[in-house]
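Residue-level listing of the chains:
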Amino acid sequence: MGQSKAAVIRSDLDIVIARTLARDMARALGFGAIDQARIATAVSELARNIFLYAGSGSVTVREIEKNGRRGLEVVCEDQGPGIPDIDLVMQDGYSTSRGMGMGLPGAKRLMDDFLIDSRDGEGTIITCRKWRL
Amino acid sequence: MESVRIPILKIDDVLIASIQQTLHDASAVQFKDDLLQKIYDTKARGLIIDLTASDIIDSFIGRLISDIAAMAGLMGTRVVITGLQPAVAITLVELGLELRGVSTALNLEKGLAALRRQVEESRDGAE
């Protein structure tokens, strides 16, 4: 079973903690410098979304394996308002607060898999993965 | 937690700030305010923000850098960003943040030379 680490997001300081956690695990799993930066940046965007839109939540990073390939999975969870229109927020340039239009589409481009599970008024779970080459 | 203050150095009429530590959002905003105040106080003609030691720039910091360049420009100060690491340049473009309108240079030395040229040109143009 792979290792797993979690960070609670409650302030802007926690965004830095979450992305450092993700980068450290990416490095430990053997990802190169550029993929480490991609993973850390994606986590930074997603953790900031939690802080801005839901107020609080959590980011969990874990080692995964599928068909002999190793990878890193990031799960971002909050009990915020949810995303009413996922297609809309996945459009480049869409923004609801402080000009943060880049968050989700940008994070998706930096990762390999990107799944959003959001329920109106209940919260959002975003799961994304990066696979080792 | 106390916000991290980034030292801002002055050489002739150019200010140089090198981001050496991880910035959380509040200290990044503090940095912007400090820089603009320092430009005003010193009447600097140019500003270099050196990112050699930054291994991650997310959309928040990227946008802040664009804002600083635009705001300093309004005050009449040229801004050059130097020392972007390859991984940072790649993630910025993939994020969709290309820092349009911001001058960049490979390193501090080239940035300083570019800035001096720009300041000279604007001085000639003003005469």
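Residues numbered from 1 in each chain as written. Chains lettered and ligands numbered in written order. Predicted model: local features only at pLDDT ≥ 70, side-chain atom pairs only at ≥ 80, totals over all residues.

Section: the overall build of chain B
Across its full length, chain B carries four helices and five strands. For 127 residues, the compact-globule formula gives about 14 Å, and the C-alpha radius of gyration of chain B, at 14 Å, lands near that figure. Based on the C-alpha atoms only, the size of chain B along its principal axes is roughly 45 × 30 × 25 Å. Out of the 127 residues in chain B, the part that is buried amounts to 37%. Considering only contacts within chain B whose residues lie at least 6 apart along the sequence, 75% involve residues at least 24 apart. (Helix = DSSP H or I, 4+ residues; strand = E, 2+ residues; numbered from the N terminus. Rg over C-alpha atoms; globule rule 2.2 N^0.38 Å. Buried ≥ 20, exposed ≤ 12 C-beta atoms within 10 Å, placed from the backbone. Contact = placed C-beta atoms within 7 Å.)

With respect to the confidence of the model for chain B
With 94% of its residues at a pLDDT of 70 or more, chain B has an overall mean of 90. Across the interfaces of the predicted complex, the ipTM metric reaches 0.88, alongside a pTM of 0.90. (pLDDT = per-residue confidence, 0-100.)

A short note on the interface of chain B and chain A
The interface of chain B with chain A comprises 20 residues on the first partner and 23 residues on the second. Among the elements that make up the side of chain B that touches chain A, the one with the highest residue count is helix α3 (residues 86–95) of chain B (seven residues). The residue makeup of the side of chain B that touches chain A, split by class, is 10 nonpolar, five polar and five charged. (Nonpolar A, V, L, I, M, F, W, Y, C, P; charged D, E, K, R; others polar.)

Remarks on helix α4 (residues 103–110) of chain A
Every buried residue of α4 of chain A is accounted for by G103, L104, G106, A107 and L110 of chain A. Down the axis of α4 of chain A, the buried side of the element spans an arc of 165 degrees, and every buried residue falls inside it. Buried positions along α4 of chain A lie against α2 (33–54), α3 (86–89) and β5 (123–131) of chain A together with α2 (59–74) and α3 of chain B. (Arc of directions from axis to C-beta.)

Topic: the pairing of strand β2 (residues 57–66) of chain A
Residues and elements named next belong to chain A. Taken together, the six bridges between strand β1 (residues 4–9) and β2 define a ladder with antiparallel strand orientation. Of the residues in β2, the one forming a bridge with A7 is V59. In terms of strand pairing, β2 meets strand β3 (residues 69–78) through 10 bridges, oriented antiparallel. Within β3, the position partnered with K66 by the bridge is R69. Linking β2 to β3, which pair antiparallel, is a turn of two residues; within it N67 sits at a positive phi near 50 degrees. (Pairing = 2+ DSSP bridges.)

Examining the confidence of the model for chain A
All names here are of chain A. Residue-level pLDDT values for chain A average 90, and 92% of them are 70 or greater. α3 is the least confidently modelled element of chain A, averaging 82 in pLDDT, while β2 averages 97, the highest of any element. Contacts from residues 96–101, a stretch scored under 50 in pLDDT, to residues over four places away or in other chains number 10 contacts.

A look at the sheet that holds β5 of chain A
Residue and element names in this part refer to chain A. Within the open sheet, the five strands sit side by side as β1-β2-β3-β5-β4. Their pairing is antiparallel. The open sheet is flanked by β1 and β4 (113–119), the only strands paired with a single partner. Each adjacent strand pair in this sheet contributes to an overall mean axis angle of 15 degrees, direction not counted. Relative to the sheet, α2 contacts β1, β2, β3 and β5, its axis offset from that of β3 by approximately 15 degrees. (Axes fitted to C-alpha atoms, helices over the stretch in contact; angles between N-to-C directions.)

Describing the sheet that holds strand β5 (residues 103–105) of chain B
All names here are of chain B. Taken together, the five strands give an open sheet; going across it, the order is β1-β2-β3-β4-β5, and neighbouring strands pair in mixed fashion. Because the sheet does not close on itself, it has two edges, and the strands there are β1 (8–11) and β5. When the angles between neighbouring strand axes are averaged without regard to direction, this sheet yields 25 degrees. On the sheet, α2 packs against β3 (46–50) and β4 (78–82) and is oriented at approximately 155 degrees with respect to β4.

Describing helix α1 (residues 12–28) of chain A
All names here are of chain A. Under the 1.5 Å per step criterion, the end-to-end length of α1 is 25 Å for 17 residues, consistent within 8% with the ideal 24 Å. Restricting attention to buried positions, one finds in α1 the residues D14, I15, V16, A18, R19, L21, A22, R23, M25 and A26. If you follow the buried residues of α1, they end up packed against β1, α2, β2 and β3. (Expected span 1.5 Å × (residues − 1).)

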